[in-house]
Amino acid sequence: MTSTILTVAPVRPSRLWSMQLYGYLLILPALSFLLLFTHYPAVATVWESLFSAARNGRPAHFVGLDNYLALLDDDIFIQSLWNNLRYALITIPLAVTLALLMALAVNRHMRANALVRTAFFIPSLLPMIAIANLWLFFYTPQLGLLNKLLALFSLPAINWLGEPGSALYCLMAVSVWREAGFFMIFYLAALQQIDPRLSEAAQIEGASRRYFFRRVQWPLLMPTTLFVLINASMNAFRIVDQVIAMTNGGPNNSSSLLLFYIYRTAFSFWDMPAAAAMTVVLLVILAAIALLKFNLLDKRAHYQ
Amino acid sequence: MKPTITFGRLWLNTVIGLAALLWFLPILVAFWVAIHPASDQASFSLFSPLTLQNFVNAWHAAPFGRYFLNTSLLVLMIVVVQLILATMAAYALVRFRLKFSGAIFALILLQLMISPDVLMLNNYQTIGALGLRDTLTGIALPYFSSAFAIFLLRQTFKAIPLVLEEAAIVEGASRFYILRKIYIPLAKPIYVAFALVSISFHWNDFLWPLVITDSVNVRPLTVGLQLFSAPEQGVQWALIGAATLMTTLPLLVLFLIFQRQFIQSFMRAGIR
């Protein structure tokens, strides 16, 4: 770095100083908003999770880890956490596999290519609340299309969102529908970056499509797969819109997820210490995924 | 080509086409329900008459005009402020050799893993303390500073040759002039990409606006749509279908116009 603005002319210390000031002033607005709405609330949440609620004029007092111990006894919290874990473990592999299949399907010479790609991608553009409404057409007990389909085969109707056994899976289907097309875009981008000479060479050698995928495309898509998996996991623990719109956590909390339960605890029960402790749990989960990301992804990003 | 291969290709293409159609079915169903009279909603008969009455009824059944205005203002405000703040911050990080630029950048990147909706608990209190609860500014404030925008612009600005800036300084140009005439024009694709991602994210945002608003005058579309659909669940499907399509239409139109940019910016973005 021999040529920088600062060395264009001999610099006096005062000018150097004013440069620093100028620069910090430029960062200040962005940084203060970040500090106020990201860093401060994160720290404040941890702090508040260590205090009891202020009730009937009694001020909040320090209770240590009591709020966290109380969470262990909170069956709904444990269930929400467990539901969320199941949600992640089931929807992510499904969405990622579908995304890959979609990308492979669109990445061919086909006349309706753009149309097919659009059909796959559009769900990820729509607001989750709108998507929830679209899917209620399928799930609703009397008029819903799924029950009409069942009736066609003279099978008994199912109350899809009203049964503890099926509500969570119905929400999962909605998530997969929305996410798969979004992840397809990343696979598509990665597929298009694979050198076309590789596929020509494979063709000349007489390699089958399957062999080519397994030995060439799949390994080259590895960084994309990791990237998508990690982003999907982060999304999975922040799901809340469709729970509010479709089941409200019910029946019997069978479809309650972590962020949804935090929302309910905070803004329906107004139990702030408990909500703060749960938020910290969520932050720890997200931080763990982020650490995984930095360790796995950034090292392997230049795989090709 | 051998005929067997063409046949296989044709078969595969058909399967793909049908899969795409099936995937798109939820939207088609909503469309079908919305353009047919409410009395026919259950029957799906092919000869049912077409109508736009459901859209008219839905529009009058809830203050959708107001919701549209709110969401548009909200998204506009957020995206404009995000881009201005991020431009300033990224420029400072890249070209001012700040003493603590590394530490500051690390602080900024923390936001990538903690999104503001997770922190709604304290942000709700902060916005309340500022007296901005139930205002559009109150919804927008936590999003004004986007780590992602700063990150993207910093990458782009870094790649712009210093020589350009040095030449401009020698000519006596001000920093602001340089930013406006050199950096911003050269980073235009990044601005478009980030704006598209940010627009679609904030158009769809639901939980935070739900928490922080409670009156018609500030409620965005997503919250309005949810309130509209929730009470009479299963009763007025035609209206709900029409309202749902209505609220998503602007994004769909935007997508169809900017299809290529949309897909590219989502590829670049990775984070909504």
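All of these numbers come straight from a predicted model, not from anything done at the bench.

Engineer: Quick one: what's the story with the overall build of chain A, residue by residue and with numbers?
Structural biologist: Counting its secondary structure elements, chain A contains 13 helices and 0 strands. Overall, chain A shows an N-to-C arrangement of helices and strands of α-α-α-α-α-α-α-α-α-α-α-α-α. Its C-alpha atoms give chain A a radius of gyration of 26 Å, clearly above 19 Å, the size a compact globule of 304 residues would have. Principal axes of the C-alpha set define a box for chain A whose edges measure 75 × 65 × 30 Å. Counting all 304 residues of chain A, 41% fall into the buried class.

Engineer: Before we move on, can you summarise the nonpolar core with the specific residues and values?
Structural biologist: If you look at the biggest cluster of nonpolar residues, it comprises 163 residues, and the most contacted ones within it are A:A30, A:A99, A:F183, A:M184, A:Y187, B:A89 and B:I150. If one sorts the elements of this core by residue count, helix α7 (residues 167-193) of chain A sits on top with 17 residues. Once residues lying within four places of it in the same chain are set aside, the contact partners of A:A30 are B:L85, B:A86, B:M88, B:A89, B:S145 and B:I150.

Engineer: So what's going on with the domain arrangement of chain B? Which residues, and what values?
Structural biologist: It is common to give the size of an interface as the accessible area that goes away when the parts come together. All names here are of chain B. On domain assignment, one finds that chain B holds domain 1 (3-56) and domain 2 (64-269). Relative to domain 2, the C-alpha centre of domain 1 lies at a distance of 34 Å. Across the contact, 8 residues belong to domain 1 and 9 residues belong to domain 2. Considering every element that reaches the side of domain 1 that touches domain 2, the biggest residue donor is helix α1 (residues 3-34), with 4 residues. Classifying every residue of the side of domain 1 that touches domain 2 gives 6 nonpolar, 2 polar and no charged.

Engineer: Tell me what's going on with the confidence of the model for chain B, and back it up with residues and numbers.
Structural biologist: For chain B, per-residue confidence averages 85 on the pLDDT scale, and residues scoring 70 or more make up 91% of the total. Two summary scores accompany this predicted model of the complex, namely pTM at 0.87 and ipTM at 0.86.

Engineer: Can you lay out the interface of chain B and chain A for me, pointing to particular residues and giving the numbers?
Structural biologist: Taken together, the 72 residues of chain B in the interface contact 68 residues of chain A. With 11 residues, the single largest contributor to the side of chain B that touches chain A is α1(B). Across the side of chain B that touches chain A, the residue classes tally to 48 nonpolar, 19 polar and 5 charged.

Engineer: Describe the domain arrangement of chain A, and please don't skip the residues or the numbers.
Structural biologist: Residue and element names in this part refer to chain A. Splitting chain A by domain gives domain 1 (11-48) and domain 2 (66-300). The C-alpha centroid of domain 2 is placed 36 Å from the C-alpha centroid of domain 1. Taken together, the 4 residues of domain 1 in the interface contact 6 residues of domain 2. Among the residues making up the side of domain 1 that touches domain 2, the classes are represented as 2 nonpolar, 1 polar and 1 charged.

Engineer: Describe helix α4 (residues 101-113) of chain B, and please don't skip the residues or the numbers.
Structural biologist: Residue and element names in this part refer to chain B. Within α4, burial applies to I104, I108 and Q111. The buried side chains of α4 occupy one side of the element, clustering within an arc of 35° when seen end-on. Opposite the buried face of α4, by more than 90 degrees, sit the exposed residues G102, A103 and A106.

Engineer: Outline unusual backbone geometry, supporting the account with residue identities and numerical values.
Structural biologist: We note that A:W270 has phi near 50°; this positive angle belongs to a residue other than glycine. Locating A:W270 in the fold gives a position in the loop between α12 (258-267) and α13 (272-300). The exposed category is assigned to A:W270, around which 10 C-beta atoms lie within 10 Å. For B:D134, which is not glycine, the phi dihedral falls at a positive 60°. Taking the C-beta count within 10 Å as the criterion, B:D134 has 15 such neighbours and is therefore assigned partly exposed.

Engineer: Account for the packing of α7(A) against helix α10 (residues 222-236) of chain A, naming residues and giving values.
Structural biologist: Any two packed helices are characterised by the angle at which their axes cross and by the distance between the axes. Residues and elements named next belong to chain A. Interhelical geometry of α7 versus α10 gives an angle of 155° and a closest axis separation of 10 Å. Considering the angle they form, α7 stands roughly antiparallel to α10. Two packed elements cross with a definite hand, and for α7 against α10 that hand is right-handed. Contact residues: α7 offers E179, F183, F186, Y187 and A190, while α10 offers T224, F227, V228 and A232. For the contact of α7 with α10, the class distribution of residues is 7 nonpolar, 1 polar and 1 charged.

Rules used in this analysis
Residues numbered from 1 in each chain as written. Chains lettered and ligands numbered in written order. Predicted model: local features only at pLDDT ≥ 70, side-chain atom pairs only at ≥ 80, totals over all residues. Helix = DSSP H or I, 4+ residues; strand = E, 2+ residues; numbered from the N terminus. Rg over C-alpha atoms; globule rule 2.2 N^0.38 Å. Buried ≥ 20, exposed ≤ 12 C-beta atoms within 10 Å, placed from the backbone. Core = buried A, V, L, I, M, F, W, Y, C linked by C-beta atoms within 7 Å. Contact = placed C-beta atoms within 7 Å. Domains from an automatic or database assignment. Nonpolar A, V, L, I, M, F, W, Y, C, P; charged D, E, K, R; others polar. pLDDT = per-residue confidence, 0-100. Arc of directions from axis to C-beta. Axes fitted to C-alpha atoms, helices over the stretch in contact; angles between N-to-C directions. Parallel < 35°, antiparallel > 145°, perpendicular 65-115°, else oblique. Left-handed = near helix turned anticlockwise from the far one by under 90°.

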